[in-house]
Number of protein chains: 2
Amino acid sequence: MMARRKAGLGERHKKILKFLEKFQSENGFPPSIREIGENTKISSTSVVNYYLNQLEEMNFIERESNVSRGIRLVRTLEGNLMQTAKAITDMFTVPVVGRIVAGEPVPVPSSDFNYYDQETGIDIARSLLPPREKTEDLFALEVQGDSMIDAMVNDGDIVIMRPITQVENGEMVAVWLSDRDETTLKYFFNENGKVRLQPANPTMKPIIIDNPAQVKVQGKVVLVIRRMENV
Amino acid sequence: MMARRKAGLGERHKKILKFLEKFQSENGFPPSIREIGENTKISSTSVVNYYLNQLEEMNFIERESNVSRGIRLVRTLEGNLMQTAKAITDMFTVPVVGRIVAGEPVPVPSSDFNYYDQETGIDIARSLLPPREKTEDLFALEVQGDSMIDAMVNDGDIVIMRPITQVENGEMVAVWLSDRDETTLKYFFNENGKVRLQPANPTMKPIIIDNPAQVKVQGKVVLVIRRMENV
DNA sequence: ATAATACACGAACATACGTTCGATGTCAAG
DNA sequence: CTTGACATCGAACGTATGTTCGTGTATTAT
């Protein structure tokens, strides 16, 4: 018995895989056999079928028999193990509504804020948040300046927040301190009528506020993302 | 003329949307009209068609005419603006290969490491990385302890890294300092034969290493993710 | 020379599938 | 009571779609 097929992908395999990724990305559903053929210069549906069967054997795709567009991408050409099945409900976009700087209050979106019309957003995998966390009111802010370093948050970091009406002890919140004209990110504790704002950096001391009225909690931090760029 | 339909979704709309999300999530492709009917107790394909047309008018889905399974989810029942079209190529999983602690070298995966067999991974939106960044060699580590605070990285943070063979000035890297038996995360600079390791925290001083042989660069940091949990 | 396998293809076929049509029922307003 | 809008449904139809079959060529091992 003579196996002449290369261990691995031929040119047509690669072309088909690339097209599958592109089509699904652009359309939200897989292509048909005929659409694959039309876009990979394969004139016969049986040849496309032949290659799809091989891609299935090599665990790049899964197929459902006798189902139109019944192709599920399992692995991309780059080799990434794609969780196609997870994608639809497990990634979402959080609108970036502005910047967080020390000298201004956090720009919390108002209740009539239209999340759908935002031009910039940051994509987040759902699994980064607890399952019970609602995702629809989240907003993102980009940190500007070094004023948040006691929160272990750097210039340029993305902070994902949610508006809250009631803060619980131990939550990481953005607070506006009216007596200092300052926004800060701290762990919040209400202790015997006083507010303790605890930095994330364990080597730093907390702020004690005797008059809780001076503390305006503007939102809770649920995620911080730092994209590394060279300095 | 009398409009009796509620502004918004009826019970059948909601059932259909939920099923669309679930089916696509589990199968990687949308259901057919008949499959929707079978799973929402609607016995007629024309009724399903009737409701799908309304969901399209309300911008929950987009449809392709005369295309089997030509349904694209645009918005979920929760209201999230889902980028169905982006999902297939724009989210991937990075395996979590261990922990990064100060007193041990970084557990960099070996070159025969099987990324596909990892049981735990962290899901990342592709758009969080630069377009040219390759994604297949990335690995994730969970930070253990307070030793990375000068890198603005907290206990419990997830650090996404890649192996590198050659470090460029200004890159954030994990280095093992053999004379100190310590791993640290720093911006790397090679200056006149000496290595300067610059903390991310701008208030802290760099480490100057006269003998570069003592510095083992173990990987480059490309992303840091901090999931907020209460303290 | 022969056999086996891979690769390529067109054609035919049956089923999957979406759309359309006509009919019926309910409800609220006039 | 009538009318119009909305909801519901079965049936029919035509097209979209995947699978199968038979054929041909090229290559390699026996």
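Keep in mind the model is a prediction, meaning the values are calculated, not measured.

Draft legend 1. How the structure looks around the pattern of salt bridges. Residues and elements named next belong to chain A. Tallied over the entire structure, the rule returns 16 salt bridges over all chains. One salt bridge connects R226 with D157, and the closest N-O pair in it is separated by 3.0 Å. Placement of R226 in strand β11 (residues 215–227) and of D157 in the loop between β5 (139–143) and β6 (158–162) is noted, with a sequence separation of 69 residues between them. Relative accessible area serves as the criterion here: at 5%, R226 is assigned to the buried category.

Draft legend 2. Focus on unusual backbone geometry. Positive phi, close to 55°, is recorded for N66 of chain A, a residue that is not glycine. Turning to its location among the elements, N66 of chain A is positioned in the loop between β1 (61–63) and β2 (71–73). With a phi angle near 60°, M152 of chain B is a residue other than glycine that sits in the positive phi range. Mapped onto the fold, M152 of chain B is located in the loop between β5 (139–143) and β6 (158–162). Taking the relative accessible area as the measure of exposure, M152 of chain B reaches 0% and is therefore buried.

Draft legend 3. Representation of the pairing of strand β7 (residues 172–177) of chain B. Residues and elements named next belong to chain B. Burial analysis of β7 places 6 of its 6 residues in the buried class, the great majority of the element. Burial of β7 is two-sided: the residues M172, A174 and W176 facing one way and the residues V173, V175 and L177 facing the other way are all buried. Here β7 pairs with strand β8 (residues 182–191) via 6 bridges, running antiparallel. Of the residues in β8, the one forming a bridge with W176 is T183.

Cut-offs and rules
Numbering of residues begins from 1 in every chain and follows the order in which that chain's sequence is written. As they are written, the chains are lettered A onward and the ligands numbered 1 onward, keeping that order. Side-chain atom pairs in this predicted model are given and counted only at pLDDT of 80 or more, local residue features only at pLDDT of at least 70, and totals for whole chains, interfaces and linings cover all residues. Hydrogens and water are ignored here; the side-chain numbers use all heavy atoms of the structure. Salt bridges are identified by distance alone: a Lys or Arg side-chain nitrogen within 4 Å of an Asp or Glu carboxyl oxygen. Elements are defined by DSSP. Helices are runs of H or I of four residues or more, strands are runs of E of two residues or more, and each kind is numbered from the N terminus. Only protein chains enter the calculation, and the probe is 1.4 Å; a residue is then buried if its accessible area is under 20% of its type maximum, exposed if over 50%, and partly exposed in between. By definition, two strands form a pair when at least two bridges between them are found by DSSP.

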